[in-house]
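Structural features, examined
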Amino acid sequence: RAHGLPLPGNITQQQLDQLGDINAWAWGRRYSTPHFARLAVGAFLGELLAVMAPAVAAPAHDTAAPRMQIVSGHDSTVIAVLCALDAFDDRWPPYAAHLELELLRETGTGRHTVRLRYQDARARMLGHGLDGVAWETFQ
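Throughout what follows, the structure given in this document is the object of discussion. From a predicted model like this one, the values you see are computed outputs, not experimental measurements.

Brief notes about the pattern of salt bridges
Taken as a whole and judged by the stated rule, the model has six salt bridges. Among the ionic pairs, R29 bridges to D90, the shortest N-O distance being 3.1 Å. Of the two residues, R29 is situated in helix 1 (residues 13-31) and D90 in the loop between helix 3 (75-84) and strand 1 (99-105); the sequence distance between them amounts to 61 residues. The partly exposed category is assigned to D90, whose relative accessible area is 29%. Linking D131 and R122 is a salt bridge whose minimum nitrogen-to-oxygen distance equals 3.2 Å.

Observations concerning the environment of R91
The topology assignment puts R91 in the loop between helix 3 and strand 1. R91 sits in the exposed class, given a relative accessible area of 55%. Along the primary structure R91 and Q139 are separated by 48 residues, whereas in three dimensions their C-alpha atoms are 26 Å apart. In this structure the side chain of R91 is engaged in a polar contact, spanning 2.8 Å, whose partner is the side chain of D89.

Each value, and the rule that gives it
- Residues numbered from 1 in each chain as written.
- Predicted model: local features only at pLDDT ≥ 70, side-chain atom pairs only at ≥ 80, totals over all residues.
- Heavy atoms only, no water.
- Salt bridge = Lys/Arg side-chain N within 4 Å of Asp/Glu carboxyl O.
- Helix = DSSP H or I, 4+ residues; strand = E, 2+ residues; numbered from the N terminus.
- Buried < 20%, exposed > 50% of the residue type's maximum accessible area, 1.4 Å probe, protein only.
- Polar contact = N/O pair within 3.5 Å; in protein donor to acceptor, adjacent residues only side chain to side chain.

Read these as layout, nothing more, since geometry by itself doesn't imply function.
In structure tokens form, the structure reads like this:
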């Protein structure tokens, strides 16, 4: 319901919730094929990789590479990115949903890991656990 207006006609809150669940499921299926996900957000993810790659290549204390990049998009874009990362949970993103991709460097080894956070919680991606995936896998 938007703007505090009542639901139209004989539609109940339960029916509205069910329609929302079906809609989220349908969008998730749409973007769940690698080919479609690549068409939908492949260019965006490529640009993101291009921003992250210099930070991976730079020495540990080099501050020339960007430390943060902020981008914005619509809820349907969030779904497409989550699907491309195999992290969509079949629920429509809430208003002002956000996801974060953290690039971590392991002290000592210099090994890089990419970790996903969705709605302030760690999330699994690309078939891996909450600790993220190796940079080489993420690419």
